[in-house]
Each structure stands twice: as structure tokens, then as C-alpha cells.
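Close look at the chain arrangement
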Amino acid sequence: MQQSPLLWLDDMSVRFELGRSRGSETVHAVTDARLRLFPGQVLALVGESGCGKSVLASALLGLLPANAWSRGRALLSSGTDEDVELLAAPESVLAREVRGRRVGLVPQSAATHLTPVRTARAQLSEAFRELRGRADRAEVEALARRVGLDPDELDHYPHELSGGMAQRVAVASALVAEPPVVIADEPTTGLDRPLVERVTDLLGELADRERGVLLITHDLDAAARVATHVAVMYASRVVESGPAAEVFGEPWHPYTKRLLGALPEGGFQPVPGHPPALTELAELEREWGCVFCLRCPETPGVAPCNGEPRLVEHGRRSVAAHPPC
Amino acid sequence: MLSARGVVAGYARGRAVLDGVDVTVPRGAVRGLAGPSGCGKSTLARVLALLQRPWSGTVELDGREIRGARYSVPRESRTSVGIVFQQPRPAVDPRMTLREIVSEPLRVRGARQPRARVDELAETTGLDAELLGRMPHEVSDGQLQRACLARAMAPRPRYLICDEMTGMLDASTTAALVRVVTGRVAEEGTGVLAISHDESLLRAWAGDDVIRW
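Residues numbered from 1 in each chain as written. Chains lettered and ligands numbered in written order. Predicted model: local features only at pLDDT ≥ 70, side-chain atom pairs only at ≥ 80, totals over all residues.

Named according to an unreviewed UniProt entry, chain B is Peptide/nickel transport system ATP-binding protein originating from Actinopolyspora alba. The UniProt entry for chain B carries the following comment under Sequence similarities (unreviewed entry): "Belongs to the ABC transporter superfamily." (UniProt positions renumbered as here; feature names shortened; annotations may be inferred.)

Under the annotation held in an unreviewed UniProt entry, chain A carries the name Nickel import system ATP-binding protein NikD and is attributed to Actinopolyspora alba. In its Sequence similarities (unreviewed entry) section, the UniProt entry covering chain A states "Belongs to the ABC transporter superfamily." Of the comments in the UniProt record for chain A, the one headed Subcellular location (unreviewed entry) reads "Cell membrane".

This is the structure we're talking about:
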């Protein structure tokens with residue numbers, strides 16, 4: 001792929017400063033993330049709950065709370081528009097040019113994300129007026145059909161929509177301005193398997209020559225279904241990334257192996273122990289380097305751990321701390 | 001044995017969601033129930049957990065029929081069946097600490113010193129003891145669901161209904177909580193009904209004993 005990336009993350013870190021009542025600690029939510037999203041890719045960002053996946057998405061959209069700060073680079077570079085440095089851009093630029101227009105967001109539990117007292121059509125039409133200047137009935141319905149919604153269903157209120165239909169309304173809303181990048185944050189949580197498959201397939205169809213999808217999920221089956229590329233996150237760091245078939249087929253990092261081994265078809269063994277508290281990461285990394293070693297009793301047998309948490313590139317794949325022998 | 005016989009149940013003014021359902025949950029085993037959204041799995045869970053009165057049909061608990069004009073269920077019957085729901089957040093009082101949440105069924109039954117039992121339950125369910133002092137909004141979904149499972153196990157129920165217990169959780173937490181429940185089956189002979197739309201999960205959990213709706 002010779003195209004340039006749509007989204008270009010280098011050494012991106014996000015920290016939260018907790019107040020004095022919480023011991024004035026610092027939460028290491030994202031540390032030195034390095035990711036590329038190219039047109040045509042569905043990049044799945046996977047990992048256990050609380051590893052920092054959703055914070056990374058929020059940071060890209062400028063939706064972090066006031067006690068958070070970020071550093072590093074996250075460059076949005078698409079088509080003819082000027083590049084935007086997402087972490088440094090002022091809120092006015094993010095609100096007017098980025099959110100909805102250049103980056104679409106598909107949120108978790110769409111049913112609660114929609115305004116409960118307005119129909120799906122009213123909300124989708126509002127997005128059209130805001131982002132495209134006018135809401136043409138035929139265009140609204142064409143977009144609904146594209147995401148697999150019967151236009152008649154648009155006249156329902158959110159509580160009358162099933163979880164899957166509500167999720168499709170959310171996907172349609174994210175597509176109104178045809179943004180080149182779509183970020184889907186846990187779009188399938190709480191949906192049953194056939195609906196998970198429909199929503200993930202829909203996201204897969206979005207990734208075409210012009211567009212890239214960043215799929216944030218803890219559902220490894222959903223990720224394996226549509227992702228072209230995958231990045232595995234553990235305790236604020238990406239520990240492994242590469243083409244999805246290769247990473248799922250032959251995981252290099254012991255955490256990736258353990259995570260796949262927790263699936264019913266992978267052996268159903270939970271990853272032993274608990275992830276470290278995100279407030280203690282700096283200290284643990286000083287002491288251990290690779291913080292997964294705390295949960296990985298068999299480290300020496302898996303791959304040589306160099307204790308260096310930064311990603312090392314091997315061809316199309318990258319892995320932290322445990323380079324393949 | 002916990003069983004539903006010819007159960008017809010639904011909600012006000014609506015059609016019956018369950019129309020003559022027979023399901024039994026034996027002691028000391030895990031029975032799976034699989035089916036798509038909206039097929040009535042959760043309504044059956046509520047009926048078997050004695051939280052919802054069926055329109056007709058009976059629920060039988062260890063040979064005793066649960067009945068009565070106001071569906072009044074004796075306390076020892078109610079604490080004989082525990083239930084864990086899919087979503088932990090709406091299932092807890094947001095003003096209580098995790099320790100208060102887990103100990104509530106014990107305090108209701110008049111236990112004076114539930115502290116040791118709560119500590120033991122936290123350890124069994126893999127809930128870090130330090131988290132017991134926190135409020136629900138200060139913990140993750142996975143941690144809160146561990147507390148909900150601990151609460152359901154607190155009165156040592158003879159039966160446990162797990163209604164999409166792991167639907168919101170990541171793969172590792174899912175595998176861990178399933179192990180906690182199967183541990184109860186082996187050690188205390190608990191009878192478990194595991195409800196999910198995910199058949200591969202149920203097969204890993206209940207083996208071949210999966211009812212499909």
C-alpha cells in the first residue's frame with residue numbers, strides 16, 4: 001500500500017491527574033502509542049477493559065475531561081484538506097472541522113446515545129442540516145438504506161428500536177458528512193451475535209479506497225471478523241500490532257496469546273492475575289520494564305523478553321518486549 | 001431441582017412472552033439456554049428467580065410448588081435462587097459501597113458480622129479487597145459484575161441464574177467469572193442456568209447440556 005496514512009499516531013500519551021482526595025496520583029491511560037490507519041483498513045484496537053482503548057479514541061476527538069493532558073503526535077491527513085494535529089488543535093477547529101466532518105464516531109450503546117424524545121429521522125435530519133446544510137428527505141432515506149435500515153423505521157423513537165437498529169442509526173449519523181475516518185468505540189457491546197455480525201460487517205464495508213475505520217473493541221470475535229489490521233493494548237501500551245490474520249494466527253506477544261486463550265474456542269483460560277493499576281505503571285515499568293511479566297509465569301519459555309516496552313518492528317508487524325526468536 | 005412447568009408469562013397489556021415453557025435446572029450441574037434477543041430468555045430468568053409471577057403454570061423448587069395469591073415467596077425460598085444480570089450498573093444501588101452491596105443479602109438475613117464472609121466472597125470472585133470500599137462509579141463494569149456475582153453467591157443459593165452475565169465483559173473476565181461459577185457447582189452442588197446468545201460460550205460452560213430456543 002503506497003498511500004499515505006489517514007491517521008498517524010506517534011508517541012501519543014494521555015495522562016490523568018487525580019485530585020488530592022485521590023492521592024494526587026497520575027493515571028497512565030495511553031503511553032507512547034504508535035499507530036497508522038491507511039485507507040481501506042479496519043484497524044481493530046483490542047485489549048481487556050480498562051487498558052486505555054477508549055481514552056485513546058476520546059483523545060483523538062478532543063473529548064478528554066479537563067484533568068487530562070496529552071503529548072506526542074496524532075496527525076489527521078486526508079484528501080485535499082489541510083492536515084490537523086489532533087492533540088494540539090484548538091476546540092474550535094475540532095468542533096467545526098473534525099468531529100462529524102473528517103472523523104465520524106460510532107458510540108457504544110447507541111440506544112442510550114440517541115435523544116429519547118425525538119425520532120431517529122429527526123436526529124438524522126438534524127445531522128444532515130448541521131453537516132451538509134440541508135436535510136433532503138430522499139438523501140436521508142438513501143443513507144438509511146445504505147446502513148440496512150428500512151426508511152419507515154426512521155419514524156420510531158429510540159426506545160422502539162432494537163439495539164441493532166439503534167446501532168445502525170448511529171452508524172448512519174456518523175456517515176452523514178462522509179468522513180474519511182470512522183472511529184467505532186465498542187459498537188457491539190450488549191448486542192447478540194447475529195447483530196454483532198451485521199454491525200461489524202457494516203463497518204467492514206465502510207473501509208474502502210477512501211476511508212479507514214478504527215474499531216475499538218474487547219470482542220475478539222468481532223475484531224477477527226472484519227479487521228484487516230489489529231493492535232493489542234495492555235496497561236496503556238500497544239504491545240503488538242500487524243495484519244489481523246498474522247497476529248491472530250500466530251501471536252508473538254505472550255499477552256496476545258493469553259488473550260486469545262481466554263476465548264471459549266481458545267481454551268477458556270482467563271489471563272492469570274489482574275492488570276496493574278494505571279496509577280502504578282510508571283513505577284512498575286521502572287522496576288520491571290515489561291509490565292506483563294507480572295502476570296506471565298512462563299515468560300522465558302514464550303519468547304525472550306528484553307524488558308523494553310517500546311514496539312520493535314519486524315517487517316509488517318511490531319511487538320513490544322518479546323521479539324520473536 | 002428447580003423447574004418451570006407450563007409457564008405462561010409476559011408484561012402488562014402485552015402478549016405472552018413465554019407460552020407454556022418447561023425448563024428444569026438440576027442441582028450440581030450447569031445447564032445452558034441459548035436463543036436470540038427477544039425470545040423470552042430473560043423473562044424465564046426472572047420467573048425462575050422468583051422475581052416475576054407467571055400468568056399461569058408453576059415454578060417448583062426442590063419439590064415444593066411456589067404459589068399463593070400474591071405470589072408471596074417465603075424468604076428461604078427466595079434466597080435459594082440467586083441471579084446475576086447482564087448489566088451490573090442498573091443492578092446496584094449507586095450510593096452503596098461494593099462491600100455494602102455484597103453484604104446486603106447477609107444483613108437482610110440478620111447476619112451481624114458479615115465482614116469475614118464478604119472478604120471470602122471477594123477473594124472467590126477475584127475482586128481486589130481494596131475495591132470493596134469503593135462506590136460503583138469508581139470501578140469498571142468487570143469489577144462491578146464480580147461484586148454482583150459475589151452478592152448473588154452470598155446467601156449460598158442452591159440455584160444460580162446467570163442471565164447474559166458476561167455479555168458486557170472482555171474475554172479474560174468472562175473466562176474468570178465462568179470459572180468462579182463452575183467452582184460453586186463443584187464445591188457446593190449449586191445448580192446453574194447459564195443464559196446467553198453465544199452458543200460457543202455456553203458449550204465451553206455447559207458442555208452438551210444446552211437448550212436452544
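Once the structure has been displayed, the description carries forward.
What follows concerns the overall build of chain A. Assigned secondary structure in chain A consists of 12 helices and 12 strands. Projecting the C-alpha coordinates of chain A onto the three principal axes gives extents of approximately 60 × 45 × 45 Å. Buried positions account for 47% of the 325 residues belonging to chain A. (Helix = DSSP H or I, 4+ residues; strand = E, 2+ residues; numbered from the N terminus. Buried ≥ 20, exposed ≤ 12 C-beta atoms within 10 Å, placed from the backbone.)

For chain B, the helix and strand inventory stands at 7 helices and 9 strands. For 213 residues, the compact-globule estimate of 2.2 N^0.38 gives 17 Å, and the C-alpha radius of gyration of chain B, at 17 Å, lies within 12% of that figure. For the C-alpha atoms alone, the extent of chain B along its principal axes is close to 45 × 40 × 35 Å. Buried positions account for 47% of the 213 residues belonging to chain B. For chain B, long-range pairs separated by at least 24 residues make up 71% of all intrachain contacts whose partners lie at least 6 apart in sequence. (Rg over C-alpha atoms; globule rule 2.2 N^0.38 Å. Contact = placed C-beta atoms within 7 Å.)

A separate point is the sheet that holds strand β1 (residues 7-17) of chain A. Residue and element names in this part refer to chain A. In space, the 4 strands of this open sheet follow the order β2-β1-β4-β5, with antiparallel pairing throughout. Strand pairing shows two members of the sheet lacking a second neighbour, β2 (26-37) and β5 (84-85), which therefore form its edges. Summarising the sheet, strand β4 (residues 68-76) and β5 pair through 2 bridges and their orientation is antiparallel. Bridged to L75 within β5 is E85. (Pairing = 2+ DSSP bridges.)

Now for the interface of chain A and chain B. On the side of chain B, 21 residues touch chain A, which itself brings 21 residues to the contact. In terms of residue class, the side of chain A that touches chain B is built from 9 nonpolar, 8 polar and 4 charged. (Nonpolar A, V, L, I, M, F, W, Y, C, P; charged D, E, K, R; others polar.)

Take the packing of helix α6 (residues 163-175) of chain A against helix α7 (residues 193-206) of chain A next. All names here are of chain A. Two elements in contact, α6 and α7, have axes whose closest approach is 10 Å; the angle formed by their N-to-C orientations is 10°. What the angle tells us is that α6 and α7 run roughly parallel. Taking contact as the criterion, the partners of G163, G164, Q167 and V171 in α6 are, on α7, L195, R198, V199 and L202. Split into classes, the residues belonging to the contact of α6 with α7 amount to 4 nonpolar, 3 polar and 1 charged. (Axes fitted to C-alpha atoms, helices over the stretch in contact; angles between N-to-C directions. Parallel < 35°, antiparallel > 145°, perpendicular 65-115°, else oblique.)

Once that is clear, we can look at the nonpolar core. With 161 residues, the main nonpolar core has V169 and L215 of chain A together with L48 of chain B as its most contacted residues. Top contributing element to this core by residue count: α6 of chain A, with 8 residues. Excluding anything up to four places from it in sequence, V169 of chain A contacts A110, L114, A120, L124, L149 and L161 of chain A. (Core = buried A, V, L, I, M, F, W, Y, C linked by C-beta atoms within 7 Å.)

So, about the UniProt feature "domain: ABC transporter" (unreviewed entry) in chain A. Per the UniProt record, "domain: ABC transporter" (unreviewed entry) is found at residues 7-260 of chain A. For residues 7-260 of chain A, the end-to-end C-alpha separation is 27 Å, with 35% helix and 26% strand making up the annotated structure.

Residues and elements named next belong to chain B. Across the sheet, which stays open at both edges, the 5 strands sit in the order β6-β7-β8-β3-β9 with parallel pairing between neighbours. Strands with a single pairing partner mark the edges of an open sheet, and in this sheet they are β6 (81-84) and β9 (210-212). With direction set aside, neighbouring strand axes in the sheet form an average angle of 15°. As defined by bridge partners, β6 adjoins strand β7 (residues 159-163) across 4 bridges and the pair is classed as parallel.

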